[in-house]
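# Coordinate inspection notes
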Amino acid sequence: MNFWLLKSEPDEFSIDDLRRSSPEPWTGVRNYLARNYLRAMKVGDQAFFYHSSCAEPGIVGIVSIQQEATADLSAYDPQSPYFDANSTREKPRWFAPQVAFSSKCRSILSLRELKSHSELARFTLLQKGNRLSVMPVSTEHWQFIFNLL
DNA sequence: GCCAACGTTGGC
DNA sequence: GCCAACGTTGGC
C-alpha cells in the first residue's frame, strides 16, 4: 500500500463535501507529474486530504483510493474550467481515480504545525517551490504525521 | 494583493 | 532545442 497527499481548495471541494458525497472522481488535475501519481494509485492506498489556498491551510482528513484512475471526464466538457481540447475519448490525456472519504480530523493539522516538526524537514509538501497538488508520502512521514492527528 | 517558484507556450 | 514571456500555484 502506498501513501499520498491530495490538495484541494475547500471553497471548491472540501473534506466535508467528500464526506457528503463519497466516492468522487479526483478531477481537474492538469499537471503531468501529478497525473502520473494519480495513475500510480492503487485500490486501498491512503491519502491525506489537504486544504490549500484558504485561511488555515493544512491536513484535514484521510481518504482512500476506491478505484484506479480512468479518463477525467471534465476534460471533455467545454463548460468546465478543466476542459482540454487535446484530451480525447480515444486518447485521454487526464485521469481521475475514485476517492472515498475515510475520516476527518478532530482539528486541522495546520501547515504551520507541520513546519514546526524537524522530523518533517524533508517532507515533500514543505519543500521549497513544490506546488504539486498530488504527491507521494513516504511511510515514515505518513506514520509520523498520522500520530500527530 | 504580493511575490517566489515552477510549468507551459510558441517563435526562432 | 533554446529561452523569453506568460500563466498558475499557494502561502503570507
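Please refer to the structure placed before this passage.
What counts and what doesn't
- Residues numbered from 1 in each chain as written.
- Chains lettered and ligands numbered in written order.
- Predicted model: local features only at pLDDT ≥ 70, side-chain atom pairs only at ≥ 80, totals over all residues.
- Heavy atoms only, no water.
- Near = heavy atom within 4 Å.
- Polar contact = N/O pair within 3.5 Å; in protein donor to acceptor, adjacent residues only side chain to side chain.
- Nonpolar A, V, L, I, M, F, W, Y, C, P; charged D, E, K, R; others polar.
- Helix = DSSP H or I, 4+ residues; strand = E, 2+ residues; numbered from the N terminus.
- Buried < 20%, exposed > 50% of the residue type's maximum accessible area, 1.4 Å probe, protein only.
- Contact = heavy atoms within 4.5 Å.
- Disulfide = S-S within 2.5 Å.

### Regarding the protein's contact with DNA strand C
Residues in close proximity to DNA strand C include K7, Y50, S52, S53, P57, L111, K115, R131 and L132, which together make up its full environment. In DNA strand C, the atoms that sit within 4 Å of the protein are 76% sugar and phosphate, with bases accounting for the remainder. A distance of 2.8 Å separates a phosphate oxygen of DNA strand C from a polar atom in the side chain of K7. With respect to DNA strand C, the backbone of S53 contributes an N or O atom lying 2.9 Å from a phosphate oxygen. Counted by class, the surface near DNA strand C contains four nonpolar, two polar and three charged residues.

### Examining the protein's contact with DNA strand B
Around DNA strand B, the neighbouring residues are N31, Y32, K128, G129 and R131. Sugar and phosphate atoms form 70% of the subset of DNA strand B atoms that lie within 4 Å of the protein. In this structure, a phosphate oxygen belonging to DNA strand B sits 2.6 Å away from a side-chain N or O atom of K128. A distance of 2.6 Å separates a base oxygen of DNA strand B from a polar atom in the side chain of R131. Looking at the surface near DNA strand B residue by residue, the class counts come to one nonpolar, two polar and two charged.

### Observations concerning the environment of R89
Here R89 shows up in the loop between β4 (58-71) and β5 (95-110). For R89, a relative accessible area of 61% translates into the label exposed. Separated by 17 residues in the primary sequence, R89 and D72 place their C-alpha atoms 9.7 Å from one another. Apart from residues lying up to four places away in sequence, R89 is in contact with L73 and Y76.

### A word on unusual backbone geometry
Between S22 and the following residue, P23, the backbone shows a cis peptide bond with an omega angle of 5°. Assignment of secondary structure puts P23 in the loop between α1 (15-20) and β2 (24-25). Residue S53 is not a glycine yet carries a positive backbone phi of 50°. Summarising the element assignment, S53 is placed in the loop between β3 (46-51) and β4.

### Here we look at the state of the cysteines
Applying the stated rule across the entire model yields zero disulfides. With no disulfide partner, C54 has as its closest neighbouring cysteine sulfur the one in C105, 13 Å distant. Owing to a relative accessible area of 27%, C54 belongs among the partly exposed residues under this scheme. For C105, a relative accessible area of 13% corresponds to the buried category.

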